[in-house]
Amino acid sequence: MSRDENLQDSKQQRVAIVTAASRGMGAAIASRLAGDGYKLVVMSRSDRIYEVADRLSARPIKGDVTEKKDLERLVGLAYEKYGRVDVVVNNTGHASKGQLLDISDREWLEGVELSLLNVIRMSRLVVPFMSRQRTGGTLLNISSFAAREPSPDFPVSSVARASLSAYCKVFAREFALHKIRMNNVLPGFIDSFDASAEVLQKIPMRRQGTMEEVAELVRFLASEEASYITGQDHVIDGGLLKGI
């Protein structure tokens, strides 16, 4: 690759996709990336995604991360409008809760669709394009601290997100030489939802994390400053996890 080609590629507008971006951590992440100069393509099941898109000058799609066709529309829009994707933030909600042996097959399958297959399907869609970009690309998956310390309160999410950690490792080994990175972000109790006083007592910092703190970690992992980091789980939980 020539020096002129490198310079031309470095001047390209950086483009990011963010899912579940209508509120909470997804909206905070989209706002932070917009502040860093990214062009955004955002998706959510909620009509609120259009308000977020207006505020951030983003391209919106109303859709569901568990629907393959919606992911195809999302990626298709990004490449139609901008011709590239540099960063994908795979953000989702939480899977079903309940007593372990009472959880139905359908609920287990829905959890896998929501927290694992969404990332696998997105990878299939964007990696071929990223491989042709001189700068590669980055995929960041918003997971959960329960991937590292499975919780009986979140059994489906714990199992599916632990599987996501394994997928991230395999992906990193496969695509690092193509300059395509993947990392997971594992939030603890973040202020997108209220935590009880009992939960706060279990957190060494005695407070919830903020959505902005999660967004800042995502911004760093998406940046060139993190270019040697791939295949990792990045916990942001105020010291909650006890395991090494």
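Just above, that's the structure.
The rules we used
- Going along each chain's sequence as written, the residues are numbered from 1 onward.
- Totals for whole chains, interfaces and linings use all residues, but because this is a predicted model, local features are given only for residues with pLDDT of at least 70 and pairs of side-chain atoms are given and counted only at 80 or more.
- For the side-chain quantities, the full set of heavy atoms in the structure was used; hydrogens and water were omitted.
- By the criteria applied, helices consist of DSSP H or I runs no shorter than four residues and strands consist of E runs no shorter than two, each listed in order from the N terminus.
- As a reference, a globule follows 2.2 Å times the number of residues to the power 0.38, and the radius of gyration itself is taken over C-alpha atoms.
- Burial status follows relative accessibility: with a 1.4 Å probe on protein chains alone, a residue under 20% of its type maximum counts as buried, one over 50% as exposed, and anything between as partly exposed.
- We call two residues in contact when some of their heavy atoms are within 4.5 Å.
- Lines fitted to C-alpha atoms define the axes, with helix axes restricted to the stretch in contact, and inter-axis angles between N-to-C directions lie between 0 and 180 degrees.
- Small angles under 35 degrees read as roughly parallel and large ones over 145 as roughly antiparallel, with 65 to 115 read as roughly perpendicular and the rest as oblique.
- When the near helix sits turned anticlockwise from the far one by under a right angle, the crossing is termed left-handed; a clockwise turn instead gives a right-handed crossing.
- Ten residue types, Ala, Val, Leu, Ile, Met, Phe, Trp, Tyr, Cys and Pro, are classed as nonpolar, four, Asp, Glu, Lys and Arg, as charged, and the remainder, Gly among them, as polar.
- An arc is given here, and it is the one of the directions from the helix axis to the C-beta atoms.
- Space inside and on the surface of the protein is sampled on a 1 Å grid over the protein atoms alone, with a cavity defined as a set of points where a 1.4 Å probe fits but cannot get out and a pocket as an open set with protein on both sides within 12 Å along at least 5 of 7 lines; lining residues have an atom within 4 Å of a point.
- Grid points are joined across faces, edges and corners, and a volume is the space filled by probe spheres set on the points.

(A) Local environment of the overall build of the protein. Counting its regular elements, the protein contains eight helices and seven strands. In summary, the protein has a C-alpha radius of gyration of 18 Å against a globular reference of 18 Å for 244 residues, a match within 12%. Considering only C-alpha atoms, the protein reaches an extent of 55 × 35 × 35 Å along its principal axes. A total of 244 residues make up the protein; the buried ones form 48% of that total. Restricting to contacts in the protein with at least 6 residues of sequence separation, those with at least 24 account for 67%.

(B) Main features of the packing of helix H4 (residues 68-82) against helix H5 (residues 105-132). The interhelical angle for the contact between H4 and H5, taken along N-to-C directions, is 25°, at an axis separation of 10 Å. Looking at the two axes, H4 sits roughly parallel to H5. At the point where H4 passes H5, the crossing takes the right-handed sense. From H4, Lys68, Leu71, Glu72, Leu74, Val75 and Tyr79 reach across to H5, where they touch Asn118, Arg121, Met122, Leu125, Val126, Phe129 and Met130. When the residues that make up the contact of H4 with H5 are grouped by side-chain class, the tally is nine nonpolar, one polar and three charged.

(C) Seen up close, helix H3 (residues 48-56). Among all positions of H3, only Ile49, Val52, Ala53 and Leu56 are buried. For H3, the angular spread of the buried residues around the axis is 100°, confining them to a single face. Among the exposed residues of H3, those pointing more than 90 degrees away from its buried face are Glu51, Asp54 and Arg55.

(D) Looking closely at the layout of surface pockets. As a volume, the largest pocket reaches approximately 1000 Å³. Lining the largest pocket are 41 residues, and of these Arg23, Thr92, Gly93, His94 and Phe193 lie nearest its centre. With three residues, the top contributor of residues to the lining of the largest pocket is helix H2 (residues 24-35). Partitioned by chemical class, the residues of the lining of the largest pocket number 16 nonpolar, 18 polar and seven charged. Considered as a void within the structure, the second largest pocket measures approximately 460 Å³ in volume. As for the second largest pocket, its lining consists of 20 residues, and the residues nearest its centre are Thr135, Lys179, Arg181, Glu224 and Ser227. Its residues assigned to classes, the lining of the second largest pocket shows five nonpolar, eight polar and seven charged.

(E) Focus on unusual backbone geometry. In this structure, Ala20 is a non-glycine residue whose phi angle is positive, near 50°. With respect to the helices and strands, the residue Ala20 is situated in the loop between strand S1 (15-19) and H2. Its identity as a non-glycine residue notwithstanding, Lys179 has a phi of 65°, on the positive side. Assignment of secondary structure puts Lys179 in the loop between helix H6 (155-175) and strand S6 (180-187).

Note that every value here comes from positions in space, so none of it alone points to a role or purpose.
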